[in-house]
Amino acid sequence: MCSSDLVAPVPARGGELVRRIDDRHALSVFPFLDGSCYPFGPYADAQLRSRSLDMIAALHLSAAAVRDRAPGHVPAVSGRGDLDAFLRAPGRRWDGGPFSEAARLLLVPRIAELTQLAAGFDRLADLTRPARADPVITHGEPHPANLMSVSGRLVLIDWDTAGLGPPERDLALIATSNGDLDAYQQVTGRQLDPAVLTLDRKSTRLNS
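Residues numbered from 1 in each chain as written. Predicted model: local features only at pLDDT ≥ 70, side-chain atom pairs only at ≥ 80, totals over all residues. Heavy atoms only, no water.

S.K.: Quick question: what am I supposed to make of the pairing of strand 7 (residues 153–156) here?
M.R.: The side chains of a regular strand alternate between the sheet's two faces. Pairing between strand 6 (residues 147–150) and strand 7: four bridges, direction antiparallel. Of the residues in strand 7, the one forming a bridge with leucine 147 is leucine 156. (Pairing = 2+ DSSP bridges. Helix = DSSP H or I, 4+ residues; strand = E, 2+ residues; numbered from the N terminus.)

Right, dumping it as structure tokens:
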């Protein structure tokens, strides 16, 4: 069985992990890894899923070390302003590019479904606010494509979405059974909330 590790950015000379370039851009440098990758998508390999779960549990248990420095993650739908504008006026023509209007026409028949998804997301975000009040440090996207096998080690890469959030934020992308959730809870001592898991899975669906 391979060991596991978390791949952190290389600190600058002053110790910074992120260097601000301008108002819109920042830069982090990660070490080059010579290894093999895994395909994007759900976990098809139970052993790989178990190893990922172990790494995420260890990450969450380290939250105290970064609680005063890590940014907070707020559940949200990417481009929510544009989505809301479309739902308010689905008949308004899109002229942002050569495929804009064709895209709008594909979405118009799905107005009811999109409205229901957005409203459901908002209700869940409100209802789960108390359950999300004690965050941990989360990776944000611990799917198989962000794992690499490097010299006998399994490493977790791509940390641009890391932030303080509920543990369910990561578990929603890993756990496929109550057994996975029970194993995590036993290791960490944290109780997971099914409603928060639903919120994060709905967020993934809306943002994909």
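Still more ground to cover, so stick around.
S.K.: Is there a simple way to think about the environment of threonine 198 in this case?
M.R.: Here threonine 198 lies in helix 7 (residues 194–207). Sequence separation between threonine 198 and glycine 15 is 183 residues, and the spatial gap between their C-alpha atoms is 38 Å.

S.K.: So what exactly am I meant to see when it comes to the side chain of aspartate 200 here?
M.R.: Within the element layout of this structure, aspartate 200 appears in helix 7. The side chain of aspartate 200 is buried and forms no salt bridge, while arginine 169, the nearest opposite charge, is found at 5.4 Å. Residues in contact with aspartate 200, not counting those within four places in the same chain, are Pro166, Glu168, Arg169 and Ala172. (Buried < 20%, exposed > 50% of the residue type's maximum accessible area, 1.4 Å probe, protein only. Lys, Arg positive; Asp, Glu negative; His and termini not counted. Salt bridge = Lys/Arg side-chain N within 4 Å of Asp/Glu carboxyl O. Contact = heavy atoms within 4.5 Å.)

S.K.: Just checking my understanding: could you explain the nonpolar core for this structure?
M.R.: A general trend in soluble globular proteins is that nonpolar side chains are found buried together. Counting residues in hydrophobic clusters, the biggest one holds 24 residues, and the most contacted among them are Ile56, Ile137, Leu147, Leu156, Leu171, Leu181 and Tyr184. The set of elements that each furnish at least two residues to this core consists of helix 1 (46–61), strand 5 (136–138), strand 7 and helix 6 (178–188). By residue number, the principal contributor to this core is helix 1, which donates six residues. (Core = buried A, V, L, I, M, F, W, Y, C linked by side-chain atoms within 4.5 Å.)

S.K.: Help me understand the packing of helix 4 (residues 111–127) against helix 7 in this model?
M.R.: Each packed pair of helices is defined by two parameters, the angle between the axes and the distance between the axes. In the contact formed by helix 4 and helix 7, the axes pass within 10 Å of each other and the chain directions differ by 145 degrees. When you trace helix 4 past helix 7, the crossing you get is left-handed. Mapping the contact onto sequence places Leu117, Gly120, Phe121, Leu124 and Ala125 in helix 4 and Ala195, Thr198, Leu199, Lys202, Ser203, Arg205 and Leu206 in helix 7. Grouping the constituent residues of the contact of helix 4 with helix 7 by class yields seven nonpolar, three polar and two charged. (Axes fitted to C-alpha atoms, helices over the stretch in contact; angles between N-to-C directions. Left-handed = near helix turned anticlockwise from the far one by under 90°. Nonpolar A, V, L, I, M, F, W, Y, C, P; charged D, E, K, R; others polar.)

S.K.: It is not clear to me how the pattern of salt bridges should be interpreted in this structure. Could you clarify?
M.R.: Opposite charge on two side chains makes pairing possible when the charged atoms of those side chains draw close. With the rule as written, the count across this model stands at ten salt bridges. Ionic pairing is found between arginine 190 and aspartate 134, a salt bridge with its closest N-O pair at 3.5 Å. Highlighted residues: arginine 190 in the loop between helix 6 and helix 7 and aspartate 134 in the loop between helix 4 and strand 5, separated in sequence by 56 residues. Here the salt bridges do not stand alone but share partners, grouping Arg67, Asp134 and Arg190 into one network.

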